[in-house]
Each structure stands twice: as C-alpha cells, then as structure tokens.
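# Breakdown of the fold
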Amino acid sequence: MLRAGVVGLGLLGQKYLRLMANDPRIRIVGVCDIDKQKVKQVCQQYQVQGFTELSGFLDLDMDFVYIATPDFAHTEPAVRAAERGFNLLIEKPLATSTAEAEQIVQAVRKSGVKAKVSFCNRWNPPFVAAKKAVEEGEIGEVISIYARLNDTIFVPTKMLKWASQTSPGWFLMSHTFDLARWFIGSEAVEVFGIGQKKVLKQEYQIDTYDNLYAVVRFENGAIAVLESGWILPESFPFIIDFKFQIIGTKGCIHINTHDQMVHLAGTKYQHLGTIDIDVNRKPRGQLAFSFEEFIDALLENREPEATVEDGLANTRVLEAVHIAADSGGAVIKVKGNNA
Ligand SMILES: NC(=O)c1ccc[n+]([C@@H]2O[C@H](COP(=O)([O-])OP(=O)(O)OC[C@H]3O[C@@H](n4cnc5c(N)ncnc54)[C@H](O)[C@@H]3O)[C@@H](O)[C@H]2O)c1
C-alpha cells in the first residue's frame, strides 16, 4: 500500500484525489493547500489530515507526493518533498524558469527519489497510437510537426485565478512541445517565438499572452511549429482545440482531438468530453493512464516515464519562446542544449 499526499487542491488536485481513492494500491494520508476552505472540504470528503503550510504536511509518513499547485508554484514543494525523501509526481510545466527546473532536478537526483512530470498526453490514446505507428516505421523519419493547442477564453478569465502569472506557453504549449520532442527524439537547439497581448490585457486586465507561436529547430534537423492561445470564444463547441500533424519522410499522421467523437446539439451545440471520462464508475483516460504508470514504476522500483530531465528540457525551450516573444519576435539559442 502506497501512502500518498497532495499539494494543491484545485481542479487537478481533486481529479487525482479521485484517482487515488479509486486505486486499491493507494491510501491518501494528507493534503496541503493555502486555501483553508479547500483543505477543510477535502479532509471531510476523504478523512485525511490537512495542512495550510508545507512544514506539518512534510512531516507525514508518505511514499509519494503529487504536486498540483499553479504553474509558477511547483518548485518549493517539489524541492522540499524531494529533500524529505518523497517520490514525486509533478504537474506540467515542471517550472516556469530554467533555474527553478534545475533546482528540482538537482534535489531529485541528489535524494535519489523517483519523479515524474505529468506530461499526460503521452498516455492519451490518439498519441499512443501515433507513437506506435512512428516506432513501427509507418511514416519513416519524423521531420516536421505542426501542433495547435488552444483553449476558449473561459480558461484564463473564469477557470484559472492565476492566468496573469502564466501564459498559453506554460499552460498549453508545454504539452505540445513535450509531444513534439517525444516524437522527434532529439533536443531543441533554436527557437523563434512571437506572441500577441491584446484581448486579455486590454479587455480583462489580465497581463498575459493571448496567443504564442514558436518555430523550434531540433539538433537532428527536424522542425516543430507550435501555436497556443486561449481567447477562442466560449461558443466554441469544446473548451480545447487540439490538432497535431506529424510529417515523416514516408508519410504523415493527423490527430484531431478537439471534436471528441461525440457531437451533441441540445440547448447549445457541443462536443462531449471523452478525454477523461468515468467508465464502470472509475475515472479513465489520459490522467488515469499516466498516473497508473507512475504507481507501477514505484511498485516495480523503476524510473517513471516523463522524467524531471524531460521537464527541464521542456522548460528550457518554453523559456526561450517567452524571451523571443517578449523581445517582439527573435531567434534564441536554447541554453543547455547543443547548437
Ligand atoms: N496535465 C494536464 O492536462 C493539466 C490540466 C490542467 C492543469 N494542469 C496543471 O496542474 C496545475 C494545477 O492546475 P489547476 O487547474 O488544478 O489549478 P487550480 O487553480 O484549480 O488549483 C491550484 C491550487 O493550488 C493552491 N495553491 C496555490 N499556491 C499554493 C502553494 N504555494 N501551496 C499550496 N497550494 C497552493 C490553490 O489554492 C489552488 O487550490 C498547474 O500547473 C496546471 O498547469 C495540468
């Protein structure tokens, strides 16, 4: 039985609490959030110990800690939990600066704990199918990727309280860059980035990018073109618009997850979500599959897939995208990777 703790009890923290509660291999022992009300609610729901500060929480006896604080607040809980010897599942992006991502990697490797970054799309069935096809040589060598992962404006204006402290780069493009690097199998060396701040900044006083665009060149010559924004209208039939196209030397693969396979026309037109859905009253889908891989790795005493080094490589590139976009559109060498 693995004893689990959760830091950050928002949307993702509570989704994972359900995953844990449905897994007979896991016992939730404690939770932590700066929001007293959330701690109280979760403690009542799951009968666990609750904390509003890391100190008491990290004194608990735990086998792993899941960190689901906002994008910019992963580092302190990750480093302190690693130093206490707890295995870690950390939400993406690993951190919002290369310096902080390096601190997490150092703390994890020094303490010898196991750690996974929750790049859950690697466990999203359409991408699993595409990866298998690529590995079986169906499209030859992957030389080009185009990815568009956009959200409706609901996400930065109503869902996240901390949109001004992140961006569609950290929140969304961290997924598509991870997938691109995973399919291409090489490190990014150079990035062109450009973005727009208009709607959120002027109409909502949320000082972050509406859209970010990146062209990434990899060491092996492959190129990824990535687009992430979050100002699509709320009338859009699904909260996420996600298209991913892979071009190889002998073929191509097109993935379109935004349509979700089910179209419903009731009081409004919508695509019903099938990404994460309950089947047999248990949560299934990419989050569950990714989480199961982490638990399997702990029980098998092996390194989980999607490591903190993958998280660091991801943060390096996204930092370069932001530096390039902040300077009005520039080409930036990715630090730490070979040119
Ligand atoms: N893998 C995915 O597909 C996916 C999807 C959505 C969000 N995420 C990631 O999950 C993380 C959490 O996102 P969310 O949507 O659940 O956010 P959220 O705002 O719903 O929840 C964040 C929680 O963290 C708490 N918090 C803030 N600072 C804290 C601190 N210093 N210590 C403890 N608790 C603190 C807040 O009170 C809140 O309850 C983000 O990094 C986000 O990018 C991942």
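Starting from 1, residues in each chain are numbered consecutively following that chain's sequence as written. Two thresholds apply to this predicted model, a pLDDT of at least 70 for residue-level local features and 80 or more for giving and counting side-chain atom pairs, whereas whole-chain, interface and lining totals are computed over all residues. In computing side-chain properties, one takes all heavy atoms of the structure into account and sets aside hydrogens as well as water.

### Thoughts on the overall build of the protein
Counting its regular elements, the protein contains 11 helices and 17 strands. At 20 Å, the protein has a C-alpha radius of gyration in line with the 20 Å of a compact globule built from 339 residues. Counting over 339 residues, the protein shows a buried share of 55%. Throughout, a contact is declared for two residues whenever any of their heavy atoms are within 4.5 Å. Counted over contacts in the protein with a minimum sequence separation of 6, partners at least 24 positions apart contribute 69%. Total accessible area computed for the protein in this model is approximately 15,100 Å², and 52% of it derives from carbon and sulfur atoms. In the protein, which carries 36 positive and 41 negative side-chain charges, the distance between the mean positions of the two groups comes to 3 Å. In DSSP terms, a helix is any run of H or I states spanning at least four residues, a strand is any run of E spanning at least two, and both are numbered starting from the N terminus. Between the two quantities, the radius of gyration covers C-alpha atoms and the globule rule is 2.2 Å times the number of residues to the power 0.38. Here the term buried applies to any residue with accessible area under 20% of the maximum for its type, exposed to any over 50%, and partly exposed to those in between, with areas from a 1.4 Å probe on protein chains only. Here the Shrake-Rupley method, with its probe set to 1.4 Å, supplies the accessible areas, and only the displayed protein chains count as covering residues. Neither His nor the chain ends contribute to the count of charged residues, in which Lys and Arg are positive and Asp and Glu negative. Working definition for charges: the position is that of NZ of Lys, CZ of Arg, CG of Asp or CD of Glu.

### Concerning the packing of helix H1 (residues 11–21) against helix H2 (residues 36–46)
Lines fitted to the C-alpha atoms define the axes, with helices restricted to the stretch that makes contact. Angles between their N-to-C directions range from 0 to 180 degrees. It is at 12 Å that the axes of H1 and H2 come closest, and there the two elements cross at 15°. Comparing their axes, H2 and H1 come out roughly parallel. For H1 against H2, the interelement crossing comes out right-handed. Contact with H1, carried on its side by Gln-14, Leu-17, Arg-18 and Ala-21, involves Gln-41, Val-42, Gln-45 and Tyr-46 of H2 and no other residues of that element. A class-by-class count of the residues in the contact of H1 with H2 yields 4 nonpolar, 3 polar and 1 charged. In this scheme, roughly parallel covers angles under 35 degrees and roughly antiparallel covers those over 145, while 65 to 115 is roughly perpendicular and the rest are oblique. When the near helix sits turned anticlockwise from the far one by under a right angle, the crossing is termed left-handed; a clockwise turn instead gives a right-handed crossing. Just so you know the grouping, Ala, Val, Leu, Ile, Met, Phe, Trp, Tyr, Cys and Pro go in nonpolar, Asp, Glu, Lys and Arg go in charged, and all remaining residues, Gly too, go in polar.

### Here we look at a nonpolar patch on the surface
Like-charged residues are merged into a patch within 9 Å and nonpolar side chains (Val, Leu, Ile, Met, Phe, Trp, Tyr) within 5 Å, provided each residue has over 30% relative accessible area and no salt bridge. In what follows, salt bridge is the name for a side-chain nitrogen of Lys or Arg lying within 4 Å of a carboxyl oxygen of Asp or Glu. A surface patch of nonpolar side chains, about 360 Å² in accessible area, is lined by Met-261, Val-262, Leu-264 and Leu-272. Mapped onto the fold, Leu-272 is located in the loop between strand S14 (269–271) and strand S15 (276–279).

### Side note on the pattern of salt bridges
Across all of its chains, the model carries 25 salt bridges by this definition. Between Arg-25 and Asp-296 there is a salt bridge, with the nearest N and O atoms lying 2.7 Å from each other. Of the two residues, Arg-25 is situated in the loop between H1 and strand S2 (26–32) and Asp-296 in helix H10 (residues 286–299); the sequence distance between them amounts to 271 residues. By relative accessible area, Asp-296 is classed as partly exposed at 26%. Here Asp-310 and Arg-181 are joined by a salt bridge, their closest N and O atoms 2.9 Å apart.

### Digging into H10
Compared with an ideal rise of 1.5 Å per residue, which puts 14 residues at 20 Å, H10 spans 20 Å between its outermost C-alpha atoms and is within 8% of the ideal. With 10 of 14 residues buried, H10 is to be regarded as a mostly interior element. In the segment just after H10, Asn-301 is the residue with positive phi, at about 55°. What a helix should span is 1.5 Å times the count of its residues minus one.

### Quick word on the sheet that holds strand S7 (residues 142–151)
Within a sheet, each strand pairs with its neighbour through backbone hydrogen bonds, oriented either parallel or antiparallel. DSSP bridges decide pairing: two strands pair if at least two such bridges lie between them. With mixed pairing, 7 strands are arranged side by side in an open sheet as S12-S11-S7-S10-S9-S8-S17. This sheet does not close on itself; its edge strands, each paired only once, are strand S12 (252–256) and strand S17 (330–333). Neighbour to neighbour, the strand axes of the sheet diverge by 10° on average, direction disregarded. Looking at chain direction, strand S8 (residues 188–196) and S17 are connected through 4 bridges and run antiparallel. Bridge pairing in S17 places Phe-192 opposite Val-331. Helix H6 (residues 125–135) contacts S7, strand S11 (240–248) and S12 of the sheet and is inclined by roughly 175° relative to S12. Across the sheet, helix H8 (residues 168–184) lies against S7, S8, strand S9 (211–218), strand S10 (223–229) and S11, angled at about 160° from S7, the strand it touches most.

### Overview of the nonpolar core
Nonpolar core, defined: a set of buried Ala, Val, Leu, Ile, Met, Phe, Trp, Tyr and Cys residues in which side-chain atoms within 4.5 Å join the residues together. Counting residues in hydrophobic clusters, the biggest one holds 51 residues, and the most contacted among them are Ile-145, Phe-183, Val-216, Phe-218, Phe-244 and Ile-246. With 10 residues, the top contributor of residues to this core is H8.

### A short note on the state of the cysteines
Cysteine sulfur atoms that pair up within 2.5 Å are treated as a disulfide. A full pass over the atoms with the stated rule returns 0 disulfides. Free of any disulfide, Cys-32 has its nearest neighbouring cysteine sulfur in Cys-43, separated by 10 Å. Taking relative accessible area as the criterion, Cys-32 reaches 4% and is therefore assigned buried.

### Focus on the packing of helix H4 (residues 75–83) against helix H5 (residues 98–111)
Remark: H4 packs on H5, axes separated minimally by 8 Å, with the N-to-C direction vectors making an angle of 15°. Relative to H5, H4 is oriented roughly parallel. As for the relative orientation of H4 and H5, their crossing is left-handed in sense. Residues Thr-75, Ala-78, Val-79 and Ala-82 of H4 form the contact with H5, whose participating residues are Glu-100, Gln-103, Ile-104, Ala-107, Val-108 and Ser-111. Among the residues forming the contact of H4 with H5, the class breakdown is 6 nonpolar, 3 polar and 1 charged.

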